[in-house]
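Fold and contact review
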Amino acid sequence: MDDEQARRARGIALQNALEHGGSTKPGIVISKLLGELPELRSQSSALVGELGPITDSVNAMSESAQRAELESDHPDRLKDEPRQQERGGLPPLKGAAAGSVVTRFPPEPNGYPHIGHAKAAIINDEYAKMYDGRCVLRFDDTNPEAERLEYYAAIKVGLDWLGIEFASVKNTSDDMDEIQSRGRGLIEAGRAYVCTCKSDDVSKGRRQMKACPCSKKDAPDHLDRWEKMSSKYSPGDAIVRFRGDMESQNTTMRDPVLFRIIDVRHPLVGDSYRVWPSYDFAVAVEDSLDGVTHAFRSKEYELRAELYSSLLDALEMRKPAMDVFSRLEFEGMPVSKRVIRPLIESNAVSWYDDPRLPTLEAMRRRGIRPDAIRQFVLSLGFTKADTMAPFATLESRNRKAVDATSPRLHMVADPVEIRISGLDNDGVTMRNHPTEDLGGRTIPVADGEVFIPKADAGSDAGALWLMGIGNINLSRGGGVMRGEYVDDDLDSGNPRVQWVPKTGSRQITVTVPKPLFRGGQYDPQSLSESAALVEPHWAELDEDTVVQFVRYGYCRKDSPGQAIFTHK
Ligand SMILES: [Zn+2]
């Protein structure tokens, strides 16, 4: 290399190291260098030796030293920091000061986490990072009828997978004594009352904007009734209601429920409590207690913001800033438990990890990477209009995320056998990736017996360029397809075809998820499974590896015998 070539190589090494946590490799630098200076191709093997000292020296530097040298000597190679750039989709927070922002993600442990949870968690996580603040994970578990230990665990697993690190993790149920005492305080102060009307009458009164007789009683009566809620009353006999505004245009303000009796064992606190707060009351108290400065909710809660604010005023508690963002769903992939649960119960969908679902577990099985989900969410920004995103938008983000780490592999569906004569070696060694340094593998061809896709075999004769082998002339005789090796001329113009050896290939199932719903209806054809042959190297890959099956698309290795289609 001359000086200018060496300078370029160093710039590439610095840039690549900064993109990969501070280290790079000669194999990566060489492929990028040859891309910039094709005239060096003939000397590529000598170059590898010369690049070693360059990458060693770059890898020995701190990331800040690498960045400083890139900035001063190779400014053309500077890229915007992708994370900061992506955070650009999030507007600044009002009244936020660096170091003092506290956000929270408050899922109810009543189901498996899905793309909607991912959006909320990522936005809160990003805002905390943007302001060098803290994000709290709080399980909002005050409805024991819906909550199960299994769901707490599933949500935590999903959030860990997304790479979200919380400053602290807690449960609303941890604070039940505090929440009940604040509720009692409201009754004492005359800001809430215990209503023993029938639930139909409560609904009717709210519709007709009429206060119920209970609201006219005095605080001591209500405190007495409050005590009875823990012991004497049965579920449905009594509720605590906020003194809101029965004539408000905002229906959530018409003396809403703050507490109700639920006689169901809670997954964490067991039978310790039977008077449980409503979502509105629990969230307001907890946000304030947790020191949350900026709270976000999805748009369907927009009307409840007034109640949130009024409750905190009545409680004389500190009020976080509240903002709403849109819900996120994919077309044809509903997130609603009401829709998904019956499909699971009728076996139309196997479980919450069925690859057609928008759950995090399903997307993980499908080969979607968490960093792609984060970038996708941030690219949508902080929109307030509901977002019905095409799944293809996430797929294109994911393609960029997986391409550089996905080994290329030969897979043949609908195979036809060929016997090739004239081969003079036992195996063909191929790179696992055209540009990245993912190593190589040898595919055995000792007996010359291989499978190719039937669609490429033609009817009787023809010529193909079998990848890694070379040009083959095909002929059919005695019911068997025969191939004769011709040469390895890359410019033959013959169709380029992948193949697998007859010996050592594995039979696997390729599962292809399609949109679960079409035109609003469940599509029974939304999952297809087909048998395919894959080259022996498949057996050596770890489960969870995303591969690119040549001329087919990306798939994730779900088990030794199953690949799940990710995307083209
Ligand atoms: Zn009443």
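Quick summary incoming for the structure in this document. (Residues numbered from 1 in each chain as written. Predicted model: local features only at pLDDT ≥ 70, side-chain atom pairs only at ≥ 80, totals over all residues. Heavy atoms only, no water.)

1. Notes on the sheet that holds strand E4 (residues 192-195)
Here is the rule we go by: Strands pair, by our definition, only if DSSP identifies at least two bridges between them. Only DSSP runs of H or I covering at least 4 residues are called helices, and only runs of E covering at least 2 are called strands; the numbering of each starts at the N terminus. All axes here are fitted lines through C-alpha atoms, helices being fitted over the stretch that makes contact, and every angle between N-to-C directions spans 0 to 180 degrees. Should any heavy atoms of two residues lie within 4.5 Å, those residues are counted as being in contact.
Within the open sheet, the four strands sit side by side as E4-E5-E6-E7. Their pairing is antiparallel. The sheet is open, and its two edges are formed by E4 and strand E7 (275-277), each paired on a single side. Shown here is a sheet whose adjacent strand axes are inclined to one another by a mean of 25°, direction ignored. In this sheet, strand E6 (residues 257-261) lies alongside strand E5 (residues 239-242) in antiparallel orientation, the contact comprising three bridges. Bridge assignment links isoleucine 239 to a residue of E6, and that residue is arginine 260. Along the sheet, helix H8 (residues 176-188) makes contact with E4, E5, E6 and E7, crossing E7 at roughly 85°.

2. Details of the coordination of the zinc ion
Octahedral metals with six donors have ideal donor angles of 90 or 180 degrees. Tetrahedral metals with four donors have an ideal donor angle of 109.5 degrees. The condition that has to hold: Only nitrogen, oxygen and sulfur atoms qualify as donors, provided they sit within 2.8 Å of the metal or within 3.2 Å for Na, K and Ca; with water excluded from the atoms, sites may seem incomplete. When four donors show all angles between 85 and 135 degrees the site is tetrahedral, when four or six donors have opposite pairs over 155 degrees and all other angles between 65 and 115 it is square planar or octahedral respectively, and in every other case it is irregular.
Coordination of the zinc ion by the protein comes from Cys195 (SG), Cys197 (SG), Cys212 (SG) and Cys214 (SG), over a distance range of 2.2 to 2.3 Å. Coordination at the zinc ion comes from four donor atoms whose angles at the metal span 103 to 117°, giving a geometry best classed as tetrahedral. Counting the intervening residues between successive donors of the zinc ion yields the motif C-x1-C-x14-C-x1-C. Separated by 17 residues along the polypeptide, cysteine 197 in the loop between E4 and helix H9 (199-207) and cysteine 214 in the loop between H9 and helix H10 (219-230) bring together distant segments of the chain.

3. Details of the pattern of salt bridges
Filter applied, for reference: We count a salt bridge whenever a side-chain nitrogen from Lys or Arg sits within 4 Å of a carboxyl oxygen from Asp or Glu.
Tallying each qualifying case throughout the model produces 42 salt bridges. Members of the salt-bridge network, linked through shared partners, are Arg104, Arg138, Asp140, Lys170, Asp175, Glu286, Asp287 and Asp290.

4. With respect to the sheet that holds strand E17 (residues 449-453)
The strands making up a sheet are joined through hydrogen bonds of the backbone, oriented either antiparallel or parallel. The strand order across the open sheet formed by seven strands is E21-E18-E19-E20-E14-E17-E22, and the pairing between neighbours is mixed. A single partner strand is all that each edge strand has here, and the edge strands are strand E21 (496-497) and strand E22 (500-501). The pairing of strand E14 (residues 415-421) with strand E20 (residues 480-485) spans four bridges and is classified as parallel. Looking across to E20, one finds that arginine 419 is bridged to arginine 482.

5. Describing the packing of aromatic side chains
Note the threshold: Only rings of Phe, Tyr and Trp enter the pairing, Trp through its six-membered ring, and a pair is recorded when the two centres are within 6.5 Å. The plane angle decides the type: under 30 degrees is stacked, over 60 is edge-to-face, the rest tilted. Only protein chains enter the accessibility calculation, which uses a 1.4 Å probe. A residue is then buried if its area is under 20% of the maximum for its type, exposed if over 50%, and partly exposed in between.
In the structure shown here, the tally under the stated rule is 14 aromatic pairs. Plain terms: the ring middles of phenylalanine 259 and phenylalanine 281 are 5.1 Å apart, the flat faces sit at 55° to each other, and that makes the pair tilted. Here phenylalanine 259, found in strand E6, pairs with phenylalanine 281, found in helix H11 (residues 279-289); they are 22 residues apart in sequence, far enough to count as distant. Neither residue differs from the other here; phenylalanine 259 and phenylalanine 281 are each classed as buried. Between tyrosine 279 and tyrosine 301 the ring centres are 5.0 Å apart and the planes differ by 25°, which places this aromatic pair in the stacked class. In this pair, tyrosine 279 is assigned in helix H11 and tyrosine 301 in the loop between strand E8 (294-298) and helix H12 (305-315), connecting sequence segments 22 residues apart. Using a relative accessible area of 30% as the deciding quantity, one classes tyrosine 279 as partly exposed. The partly exposed category is assigned to tyrosine 301, whose relative accessible area is 27%.

6. Some thoughts on H12
Put simply, the test is: Here, the arc refers to the directions that run from the helix axis to the C-beta atoms.
Among the residues of H12, Leu307, Tyr308, Leu311, Leu312, Ala314 and Leu315 are the ones counted as buried. The arc that holds the buried residues of H12, viewed along the axis, is 160°, so those residues lie on one side. Against H8, E5, E6, H11, E8 and strand E9 (321-325) lie the buried residues of H12. Positive backbone phi, approximately 55°, marks glutamate 316, located one or two places after H12.

That's the geometry; what it means functionally is another story.
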